[in-house]
Amino acid sequence: LVRFASAALIGFFLLRIYQYFLIREFYTVPESFLMLEFRGFFDDILLGTTVLAFFTIPAFFLYRWKPWLGVVLMTAVFLLLILLELSLFQYFIITLVPLDQVIFSYSIGEMALIVKNSVPISWTTFAPTGVGLIILALLITLSRRLTLPGRAEFMIMLLIILSPAIWLLTLPGNNNYRNAYEYNLVVNKSGYLLRKTAEYLGSPADPGQEVLKEAARRYHTAHPDQNFPGWQYPFLKQSRDNDVLSPLFNLKPEKPNLVFVIVESLSMSFIGNNNIFGSFTPFLDSLCRHSLVWSNFLSTSDRTFNVLPALFASLPPGSPSIMDDIPGMPYHFSLIRILQDNGYGSSFFYGGDPNFNNMTGFLGKQGIGRIVHPEGWARVSG
């Protein structure tokens, strides 16, 4: 066990070096980048020894029964642990965000489509994994020949025993860093995915009607100035028809054309004055001085798959997602529907498969005129 732990430490150290140089090559890094990577290596060590500690007892009994079985189990655990971290880092280097419970929101086909559209697939895509397997094989071979002083073995064994408690007590929180980018650099990607998965699977699927009604009552009580018609849809309220935007526009007799541009991942990290990586949108930045800008904006969607109901209808998130149950979606207002009722024609232009995330179903529910995509176009209504 001590030898496998030693090999794991070396493996994680090599992964951190790989991350350090790859990110420096392609991205802007903070001044404290090297120190952040050292802190991340500490998180790697704790996660690795925690996983090894979890398998210590079954490996011990297997080893007592048939030694080769214990060796095979720990070898498999070691390989899976390092390969998982390497794979999750390959995801991170593309998105700069660790993979989390979002994997439960997509089907296998949708995930394959995301990967296909995100990176070109060639032999170089799998080269890091192949090199990693070779290095792991060498580490396992060397670890079996490794002889450590008794004090070093004792310290490593003590770390393995205490690592689960230390890992839980020292989980890196994003409040301890200047921004989310620094936190994402430090955190162990496998540990992050495991924690987010546990939170997702551990959350109650249905809290019950009484719990929901009580939450709705608290929300309604906190907003006494609003008129709520009932409890079934807690955020539904009667409109006051206050027109607060018209005075800000120079309206003319003819109806203006409206164009909504949705850009994937265009966050405040890349745009405006408070960016992390520098502004990549000088024209949009210049428009801010002549436009209506909401610097404090509450989104009802945290992922791309809910962007259409969030942007066009301000529909609240739910479990399951609104996009997962198009036929059962209750009637609601949306910008698309309102514009259609006021004489507008509408088209949706998308550079991929519009069936992704049930976008076609949602847009059809709104009465969209036609959907245009690389394979052609389809008239949905009208």
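The structure this text deals with has already been given above.
Residues numbered from 1 in each chain as written. Predicted model: local features only at pLDDT ≥ 70, side-chain atom pairs only at ≥ 80, totals over all residues. Heavy atoms only, no water.

Trainee: Which parts of the structure should I look at to understand the overall build of the chain?
Mentor: A count of helical and extended segments in the chain gives 14 helices and three strands. Residues classed as buried in the chain amount to 31% of the 382 residues present. Of the contacts formed within the chain by residues at least 6 apart in sequence, a portion of 62% connects residues at least 24 apart. (Helix = DSSP H or I, 4+ residues; strand = E, 2+ residues; numbered from the N terminus. Buried < 20%, exposed > 50% of the residue type's maximum accessible area, 1.4 Å probe, protein only. Contact = heavy atoms within 4.5 Å.)

Trainee: Just checking my understanding: could you explain a nonpolar patch on the surface for this structure?
Mentor: Nonpolar side chains collect at one region of the surface, where Val244, Leu245, Leu248, Phe249, Leu251, Leu292, Trp294 and Phe297 lie side by side and expose about 890 Å² of accessible area between them. Relative to the helices and strands, Leu251 resides in the loop between helix H10 (209-222) and helix H11 (282-287). A relative accessible area of 57% places Leu251 in the exposed class. (Patch = residues over 30% accessible without salt bridge, like charges linked within 9 Å, V, L, I, M, F, W, Y side chains within 5 Å. Areas by Shrake-Rupley, 256 points an atom, 1.4 Å probe, with all protein chains shown as cover. Salt bridge = Lys/Arg side-chain N within 4 Å of Asp/Glu carboxyl O.)

Trainee: Hey, could you run me through the pattern of salt bridges in this one?
Mentor: Side-chain pairs of opposite charge can arise where the charged atoms are in close proximity. Under the definition given, this model contains three salt bridges. The partner of Glu37 in a salt bridge is Arg16, with the nearest N and O atoms 2.7 Å apart. Residue Glu37 is located in helix H2 (residues 33-54), and its partner Arg16 is located in helix H1 (residues 2-26); the two are separated by 21 residues in the primary sequence. Neither residue differs from the other here; Glu37 and Arg16 are each classed as buried. Between Arg217 and Glu214 there is a salt bridge, and its shortest N-O distance comes to 3.5 Å. Note that Arg217 and Glu214 are positioned in helix H10 at a spacing of three residues, about one turn of the helix. Residue classification places Arg217 among the partly exposed residues on the basis of a relative accessible area of 33%. The exposure class assigned to Glu214 is partly exposed, which follows from its relative accessible area of 37%. Each of the salt bridges in this network shares a partner with another, and the network as a whole consists of Arg16, Glu37 and Asp44.

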